[in-house]
Amino acid sequence: MQKNESVTVTIQDMGVNGEGIGRVNGYTLFIKDAVIGDVVEARVTKAKKNYGYARLMNIITPSEHRVKPVCKFARKCGGCQIQEMSYEKQLEFKQNKVLGNLERIGGFSRELLSEVFGPIIGMEKPFGYRNKAQFPFGTDKNGQPITGFYAGRTHDIIANTDCALGVGVNREILEIVLAFMKKYGVRSYDEKTGEGLIRHVLIRYGFATKEIMVCVVVNRGKAEFGNCEELDCGNRGNRGTKGLERGSVMGLRWIPHQEVLVEELARIPGMTSITVSPNPRQTNVIMGERYEVLWGQPFITDYIGAVKYQISPLSFYQVNPVQTEKLYGLAMEYADLKGEETVWDLYCGIGTISLFLAQKAGKVYGVEIVPQAVEDARRNAEINGIENAEFYVGKAEEVLPGYYQRYEKEHPHADVIVVDPPRKGCDEGLLKTMADMRPERIVYVSCDSATLARDLRYLCERGYEVKKGRVVDQFGMSVHTESIVLLSKLHTKQNIEVELEMSEMDLTAAESKATYEEIKDYVLGHTRLKVSSLYIAQVKEKCGIIKRVNYNLPKSENSRQSKCPPEKEKAIRDALEYFRMI
Ligand code: SAH
């Protein structure tokens, strides 16, 4: 195959990035925008030895799965990859993508996967679902400001204020900003020269509350203004206030004539928060490190189920609240909480999953690397009156192992561990600690099924098994997937502690004096140590109260019974004495 060669090819498969895959005489071609089932004419753009890439030139016979895109920029824009494929087929593609990775990378059999995985959970309306969008600003050929989205794999802006995945009000806001910029000659930032002012506009919308947030990211730093305090920068004392009077007393002018812009935006029904985030760095990072309120509150409020969340411009929040509720519903179901459990929620963001689970758990510990997100998490706990959630700032792979080592002697305990890591998945050290802690259940929420597969494999080699799983579509029209998996602790020969049923234990006369539960309570009350029935039985045996015969022998030769440590033995002996059993 040669570059620029034209070929006619039938699309038989799809790649992980949504591209069509066809074969010409055994040679594989990846063709962007071609849909499985299409017969297309394509021109080769890059030819390697065994495979190449080609551009879709002409659709000769459209696939039965091909649909007319809702957005006229669907093909060019980098935001959507598979808008020209029917939504049903998109869902099938995503389910296959996740299961395929679990099979190839995770080493799980198709048989097991089809047994434990339910069907993918799709959206009722796969458009207009995003509650957040960050629009880059640029300049067109005539020197006029434009905004829209980047074309695929570039930073060329396709001018479009009406993205089909976002909410309707985005357009109104962006048109106001563009008209304002034109009127006052405010320029867009230019990535190449580092000049110009307006970099991005972030818009957030609370689906449940209809509250709107606008944050304008500007190419300015505090240094340009000298001492911010002296200028009475608007960040002090106006938290939670709302009203134009507040906005108009702002000392800092981040944008020329900003009061005009603020006034126009504030008129939009539902407008709740208008902020500015200074970002003078020449980087791809969109938001600055901080933000200041120009008008209204520094946050909007939204609900997932019964839990209320305050979302500030810099905090992470799931982009599709309708599907998120379904996802968290599954997290709740998988965690199977009865009210007493200790739960760890690692990578907790603003505490979304933690607070959701805290409604039914004994205690939830959340861990998150971004300090502002943890601040949000704590405030969210407070506004919901949730008192059984505690949050730590730090890396999950440092906080949990650190905690485990500090309390190793007391057998630090977790009933359920939930993880929701970014795409790179969990650190191996963290997975090891999780396996060592031996929680009954691990719930893994993942936005990248390749790293999910890798991490599940690790955990399943250390005494866990995959029990349930679902793919939940959060990002219709794109190739991104979100999935949730329940892992359960294996009670087999890998199991270190052999658990004994009371019926298997010694129901001797001594039992009438004190039951195992009473001994456990006594020990816990007097020493804060938790002891198992097995340990009590071991100490009773040592004291000659019982003879342990068959009932608590290891269930297989490979299993090891843990031995009661000396401090616990002493505590149990004290209890036996107290109950006059010895
Ligand atoms: N569970 C949350 C957020 C999930 S996104 C929710 O559902 O809303 C992943 C989160 O992990 C982000 O908030 C990110 O800041 C955080 N994070 C990334 N690396 C981390 C690490 N090493 N340790 C702890 N948190 C991390």
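Please read these numbers as outputs of a predicted model, since none were measured by experiment. Once a new chain begins, its residue numbering starts again from 1 and follows that chain's sequence as written. Given that the model is predicted, a residue must reach a pLDDT of at least 70 before its local features are reported, and side-chain atom pairs must reach 80 or more before they are shown or counted; all residues, however, enter totals for whole chains, interfaces and linings. Each side-chain value is worked out from all heavy atoms of the structure, with water and hydrogens disregarded.

Draft legend 1. Up close: the overall build of the protein. Under the scheme used here, helices are H or I runs from DSSP no shorter than 4 residues and strands are E runs no shorter than 2 residues, and both carry numbers assigned from the N terminus. Counting its secondary structure elements, the protein contains 14 helices and 21 strands. By residue count, 55% of the 582 residues in the protein fall in the buried class. Across the protein, every contact between residues at least 6 apart in sequence was considered, and the portion connecting residues at least 24 apart equals 65%. Summary of the burial criterion: residues with accessible area below 20% of their type's maximum are buried, those above 50% are exposed, and those between are partly exposed, where the area comes from a 1.4 Å probe applied to protein chains only. Residue contacts are counted whenever heavy atoms from the two residues lie within 4.5 Å of one another.

Draft legend 2. Just the packing of aromatic side chains, in detail. Two rings from Phe, Tyr or Trp (for Trp, the six-membered ring) form a pair when their centres sit within 6.5 Å of each other. Planes less than 30 degrees apart are called stacked, planes more than 60 degrees apart edge-to-face, and all others tilted. Under the definition given, this model contains 14 aromatic pairs. Measuring from centroid to centroid gives 6.1 Å for Tyr309 and Tyr317, while their planes differ by 55°, and the two rings are tilted. Look at Tyr309 and you get buried, because its relative accessible area is 0%. Taken together, the aromatic side chains of Trp344, Tyr365, Tyr392, Tyr403 and Tyr407 make up a single cluster linked through ring pairs. We call a charge positioned over a ring when the NZ of a Lys or the CZ of an Arg lies within 6 Å of the ring centre and within 35 degrees of the ring normal. For the cation-ring pair, Arg199 lies above Tyr189, with the distance from its terminal atom to the ring centre recorded as 4.2 Å.

Draft legend 3. Fine view of the sheet that holds strand β10 (residues 212–218). Two strands are said to pair when DSSP picks up at least two bridges between them. Read from one edge to the other, the open sheet built from seven strands follows the order β8-β7-β6-β9-β10-β11-β12, with strand pairing classed as mixed. The open sheet has two free edges, formed respectively by β8 (157–159) and β12 (292–296), since each of these has just one partner strand. Each neighbouring strand pair of the sheet contributes to a mean axis angle of 30°, computed without reference to strand direction. Bridge analysis of β10 against strand β11 (residues 271–278) gives seven bridges, and the strand direction is parallel. Counted as the bridge partner of Val214 is Ile274 from β11. The sheet strands contacting helix α3 (residues 169–184) are β6 (132–139), β7 (145–150), β9 (198–205), β10 and β11, and the helix crosses β6 at an angle near 25°. Here the axes come from fitting lines to C-alpha atoms, over the contacting stretch only for helices, and the angles between their N-to-C directions go from 0 to 180 degrees. Here helix α5 (residues 258–266) sits on the sheet in contact with β10, β11 and β12, set at roughly 150° to β11.

Draft legend 4. Main features of the UniProt feature "active site" (unreviewed entry) in the protein. Residues given the UniProt feature "active site" (unreviewed entry) here are Cys447. Leave out the neighbours within four places in its chain, and Cys447 touches Pro421, Pro422, Arg423, Thr481 and Glu482. UniProt positions are given in the numbering used here, feature names are shortened, and annotations may be inferred rather than shown by experiment.

Draft legend 5. Looking closely at the pairing of β7. In terms of strand pairing, β6 meets β7 through three bridges, oriented antiparallel. Bridge pairing in β7 links Thr139 to Pro145. Counted along the chain from β6 to the antiparallel partner β7, the turn is five residues long, and its residue Gly143 has a positive phi close to 80°. Connecting the antiparallel pair β7 and β8 is a turn made up of six residues, with Arg153 showing a positive phi of about 55°.

Draft legend 6. Fine view of the site of the ligand. Definition of nearness: a residue and a molecule or strand are near each other if at least one heavy atom of the residue lies within 4 Å of the molecule or strand. In the vicinity of the ligand there are 17 residues, among which Gln318, Tyr328, Thr352, Glu368 and Ala396 approach most closely. Here a polar contact is taken to be a pair of N or O atoms separated by no more than 3.5 Å, where protein atoms must pair a possible hydrogen donor with a possible acceptor and residues adjacent in sequence count only if both atoms sit in side chains. In the environment of the ligand, an oxygen atom lies 2.7 Å from a nitrogen or oxygen atom belonging to the side chain of Glu368. Asp420 is positioned such that a nitrogen or oxygen atom in its side chain is 2.9 Å from a nitrogen atom of the ligand. Isolated, the ligand exposes 570 Å² of accessible area, and the fraction of that covered by the protein chains is 89%. Among the elements of the structure, α7 (352–358) and α9 (396–406) are those that each provide at least two residues to the shell around the ligand. Method for areas: the Shrake-Rupley scheme with a 1.4 Å probe, in which residue coverage is limited to the protein chains shown.

Draft legend 7. Here's a closer look at the side chain of Lys132. Relative to the elements of secondary structure, Lys132 occurs in strand β6. For the charge count, each Lys or Arg is scored as positive and each Asp or Glu as negative, with His and the chain ends excluded. Think of a salt bridge as a Lys or Arg side-chain nitrogen and an Asp or Glu carboxyl oxygen that are within 4 Å of each other. Look at Lys132: it is buried, it has no salt bridge, and the nearest opposite charge is Asp376 at 12 Å. If sequence neighbours within four positions are ignored, Lys132 has contacts with Leu202, Ile203, Arg204 and Val319.

Draft legend 8. Quick look at the sheet that holds strand β16 (residues 363–368). Spatially, the seven strands line up as an open sheet ordered β17-β16-β15-β18-β19-β21-β20, and their pairing is mixed. Each of the sheet's edge strands pairs with one partner strand only, and the pair in question is β17 (389–393) and β20 (464–471). On average, each strand axis in the sheet is inclined to that of its neighbour by 15°, with strand direction left out of account. As paired strands, strand β19 (residues 441–446) and strand β21 (residues 483–489) are joined by six bridges and run antiparallel to one another. Bridge assignment links Arg441 to a residue of β21, and that residue is Ser488. Set on the sheet, helix α8 (residues 371–383) makes contact with β16 and β17; between it and β17 the angle comes to about 170°.

Draft legend 9. The arrangement of the pairing of strand β2 (residues 20–24) in detail. Judged by how many residues are buried, β2 sits mostly within the fold: four of five residues are covered. Where strand β1 (residues 6–14) meets β2, three bridges bridge the pair, whose relative direction is antiparallel. By the bridge assignment, Asp13 is partnered in β2 with Ile21. Turn length for the β2-strand β3 (residues 27–31) hairpin, with the two strands adjacent in sequence and antiparallel, is two residues, and the turn residue Asn25 shows positive phi of about 50°.

Draft legend 10. A look at the confidence of the model for the protein. Along the chain, pLDDT gives the predictor's confidence residue by residue, from 0 to 100. With 88% of its residues at a pLDDT of at least 70, the protein reaches an overall mean of 88. For the stretch residues 493–512, pLDDT sits under 50, and the model shows 46 contacts to residues farther than four places along the chain or on other chains. Counting contacts from residues 549–558, a segment whose pLDDT is below 50, to residues more than four positions away or on other chains yields 16 contacts.

Draft legend 11. Structural view of the nonpolar core. The definition of a nonpolar core used throughout is a set of buried Ala, Val, Leu, Ile, Met, Phe, Trp, Tyr and Cys residues joined through side-chain atoms within 4.5 Å. If you look at the biggest cluster of nonpolar residues, it comprises 49 residues, and the most contacted ones within it are Leu102, Phe117, Trp344, Leu346, Ile417, Met434 and Leu456. Grouped together as the second largest cluster of nonpolar side chains are 40 residues, Ile121, Ile311, Ala335 and Ala361 included.

Draft legend 12. Local environment of the state of the cysteines. By disulfide we mean two sulfur atoms from cysteines, separated by a distance within 2.5 Å. By the definition in use, this model includes zero disulfides. Lacking any disulfide linkage, Cys80 is separated from the closest cysteine sulfur, that of Cys163, by 6.2 Å. By relative accessible area, Cys80 is classed as buried at 11%.

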